[in-house]
Amino acid sequence: MSTFWKKLTLAAKNMTVRGIVVSVLCAALAAVMTGITFASNAVYIHDGKDVTLVYTTEKDPKDILKSQNLTLGANDKLEFTGFENNTGTITIKRAFDVTVTADGETKTVSLAEGTVADALTLAGVTMADEDRINVAPTEALHAGTAIVVNRVTTRMVNKTEEVPFTTTEKKTPMLKKGTTKVVTPGVAGEVVSVSKETLVDGKVVKSEFVEKKQTKAPVNQEVLVGTAPKTPVSQVTPPSSLELTTNGVPGNYTKVLTGKAAAYSARKGAKTASGRYAIPGHVAVDPRIIPYGTKLYIATPDNSFVYGYAVAADTGTALREGKIIVDLFFNTYEETCRFGIKNVNIYVLE
């Protein structure tokens, strides 16, 4: 080969090597320039207190997090502002646990953000107007928030109390002294006290009196107390001029009538034929024999029964027919039954 062709061949080889180097450099430069073009978006990732700056070609925030090996929990919340001037911000709000206690049960719910009301909704807890809660429903939640709902109810309570009866004693010569007889048995009455109770979770925390009302009136007991033989039945006050002898008879009288005596009673407040009230001491007679208003003293002949000082005030059929000489008034029907029929002496004082 001539010298000319040798030089020409060497020059071609040198040009080939330089071309390859230039091509490689151009390719590398193109690759670098292309990479910068693809990774042209800057993203700030806020995850709690951690902030990371990432250059990426991804557009979807979830893909961006995946490229950084960041995962989201089921209740975590992601916020993405989008890109502006090739810059964006991703904020991860991590879910935290909140407890809700109500109706004897505690539930745990997980939220990334929200209010107490949101936690109640997640826990399926509703509140009535009277219920109480330890935090305001509008208060923002944070990790460790413990919500407690107290159920408040009210109820009316009736309490029955016994009203004791009173006992009235009446003296009677129809029973021996020291003995008694119940004429009307006593019956206790009833009073109902009404109160309003406030309960918190089933426990009474307050009781307020509302009213007290009588539902049953007591029946007072009436007892006869024996005074026989000397205590008079009559409740009419005798005049001071009336004096009894040692035999138990008046010292001064105009005449004595002897005959059968019966007994009767009447309702309280009743009046006699003469207009006087019917009380022990106002007796019924035949006014043709003993005029109304006549002052009398009545006892059995042996003085075992003493009716005492009396006033003629009433009359009746048996008296007018002469079957009895006097009808003695007693306070109770029981006493009249015990008296029955007796022979008496009627001392006419005037």
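None of these values were measured; they are calculated from a predicted model.

Visitor: How should the overall build of the protein be read in this particular structure?
Guide: Within the protein, the secondary structure is distributed over five helices and 20 strands. Counting the 350 residues in the protein, one finds 33% classified as buried. Nonlocal contacts in the protein, meaning residues at least 24 apart in sequence, comprise 65% of its contacts between residues at least 6 apart. As presented, the protein carries roughly 21400 Å² of accessible surface, and 54% of it is formed by carbon and sulfur atoms.

Visitor: I would appreciate a short explanation of a nonpolar patch on the surface in the present structure.
Guide: Together, Tyr44, Val51, Leu53 and Tyr55 make up an exposed nonpolar region whose accessible area comes to about 400 Å². Of the residues forming the nonpolar patch, the biggest block, three residues, is contributed by strand E2 (residues 50-56). Examined against the element boundaries, Tyr44 turns out to sit in strand E1 (residues 41-47). Given the relative accessible area of 35%, Tyr44 is considered partly exposed.

Visitor: Teacher, can you tell me more about the sheet that holds strand E12 (residues 189-200) here?
Guide: Backbone hydrogen bonds hold the strands of a sheet together, and the pairing may be parallel or antiparallel. As summarised here, the arrangement of the three strands in space is E9-E12-E13, forming an open sheet in which the pairing is antiparallel. Of all strands in the sheet, those bounded by a partner on one side alone are strand E9 (152-163) and strand E13 (203-216). Each strand of the sheet is rotated relative to its neighbour by a mean of 20°, with strand direction disregarded. Note: E9 against E12, 12 bridges, orientation antiparallel. Bridge assignment links Glu161 to a residue of E12, and that residue is Val191.

Visitor: Is there a simple way to think about the pattern of salt bridges in this case?
Guide: Pairs can form between side chains of opposite charge whenever their charged atoms are close. Scanning all chains against the criterion turns up 13 salt bridges. Among the salt bridges present, the one from Lys93 reaches Glu79, with a minimum N-O distance of 3.2 Å. Here the residue Lys93 occupies a position in strand E4 (residues 87-93), and Glu79 occupies one in strand E3 (residues 77-80), the gap between them amounting to 14 residues. Residue Arg338 is joined to Glu334 by a salt bridge in which the shortest nitrogen-to-oxygen separation is 3.3 Å. With Arg338 and Glu334 both in helix H5 (residues 333-339) and four residues apart, the pair spans about one turn of that helix. When its relative accessible area of 35% is taken as the criterion, Arg338 is described as partly exposed. Accessibility expressed as a relative area gives 23% for Glu334, which makes it partly exposed. Through salt bridges with shared partners, a single ionic network connects Lys77, Glu79, Lys93 and Glu113.

Visitor: I tried to follow the nonpolar core on my own but got confused; where do I start?
Guide: Most often, soluble globular proteins keep nonpolar side chains buried together rather than apart. Counting 27 residues, the largest nonpolar core has Val283, Leu296, Ile298, Tyr307, Val326, Leu328 and Ile346 as the members making the most contacts within it. Contributions of two or more residues to this core are made by strand E15 (255-264), strand E16 (282-284), strand E17 (295-299), strand E18 (306-314), strand E19 (326-329) and strand E20 (342-348). The element best represented in this core is E15, accounting for four residues. If near-sequence neighbours (up to four positions away) are discounted, Leu328 is found in contact with Ala261, Ala262, Ala263, Tyr264, Val283, Ile298, Phe305, Tyr307 and Phe339. By size, the runner-up hydrophobic cluster in this structure holds 15 residues, among which are Val98, Val109, Val125 and Val135.

Visitor: Quick question: what am I supposed to make of the packing of aromatic side chains here?
Guide: By convention here, two paired aromatic rings are described through the distance between centres and the angle between planes. Across all of its chains, the model carries seven aromatic pairs by this definition. Aromatic side chains Phe330 and Phe339 sit 5.6 Å apart centroid to centroid with 40° between the ring planes, which places their arrangement in the tilted category. Pair check on accessibility: Phe330 and Phe339 agree, each one buried. Each member of the aromatic cluster is reached from another via a ring pair, and the members are Phe305, Tyr307, Phe330 and Phe339. The positively charged end of Lys59 is found above the aromatic ring belonging to Phe83, 5.5 Å away from the centroid.

Visitor: Looking at this structure, how should I read helix H3 (residues 116-123)?
Guide: For H3, every residue scored as buried is listed here: Val116, Ala119, Leu120 and Ala123. Seen end-on, H3 carries its buried residues on one side only, within an arc spanning 100°. Across from the buried face of H3, at angles greater than 90 degrees, the exposed residues are Thr121 and Leu122. Against strand E5 (96-102), strand E6 (105-111), strand E7 (132-133) and strand E8 (146-150) lie the buried residues of H3. Where H3 ends, the next residue or the one after it, Gly124, has phi of about 70°, a positive value.

Visitor: Just to check I follow, could you spell out the environment of Ala318 for this structure?
Guide: Tracing the chain through its elements places Ala318 in helix H4 (residues 317-320). A C-alpha to C-alpha distance of 9.0 Å links Ala318 and Asp286, two positions 32 residues apart in sequence.

Visitor: Could you clarify how one ought to interpret the environment of Leu242 in this entry?
Guide: Structurally, the position occupied by Leu242 is in the loop between strand E14 (221-228) and E15. Distance in space between the C-alpha atoms of Leu242 and Leu349 is 8.7 Å, their sequence separation being 107 residues. Non-local contacts of Leu242, meaning those with residues more than four positions away in its chain, are made with Pro250, Tyr297, Tyr309 and Leu349.

Analysis parameters
- Residues numbered from 1 in each chain as written.
- Predicted model: local features only at pLDDT ≥ 70, side-chain atom pairs only at ≥ 80, totals over all residues.
- Heavy atoms only, no water.
- Helix = DSSP H or I, 4+ residues; strand = E, 2+ residues; numbered from the N terminus.
- Buried < 20%, exposed > 50% of the residue type's maximum accessible area, 1.4 Å probe, protein only.
- Contact = heavy atoms within 4.5 Å.
- Areas by Shrake-Rupley, 256 points an atom, 1.4 Å probe, with all protein chains shown as cover.
- Patch = residues over 30% accessible without salt bridge, like charges linked within 9 Å, V, L, I, M, F, W, Y side chains within 5 Å.
- Salt bridge = Lys/Arg side-chain N within 4 Å of Asp/Glu carboxyl O.
- Pairing = 2+ DSSP bridges.
- Axes fitted to C-alpha atoms, helices over the stretch in contact; angles between N-to-C directions.
- Core = buried A, V, L, I, M, F, W, Y, C linked by side-chain atoms within 4.5 Å.
- Phe/Tyr/Trp six-rings, centres within 6.5 Å; stacked < 30°, edge-to-face > 60°.
- Lys NZ or Arg CZ within 6 Å of the ring centre and 35° of its normal.
- Arc of directions from axis to C-beta.

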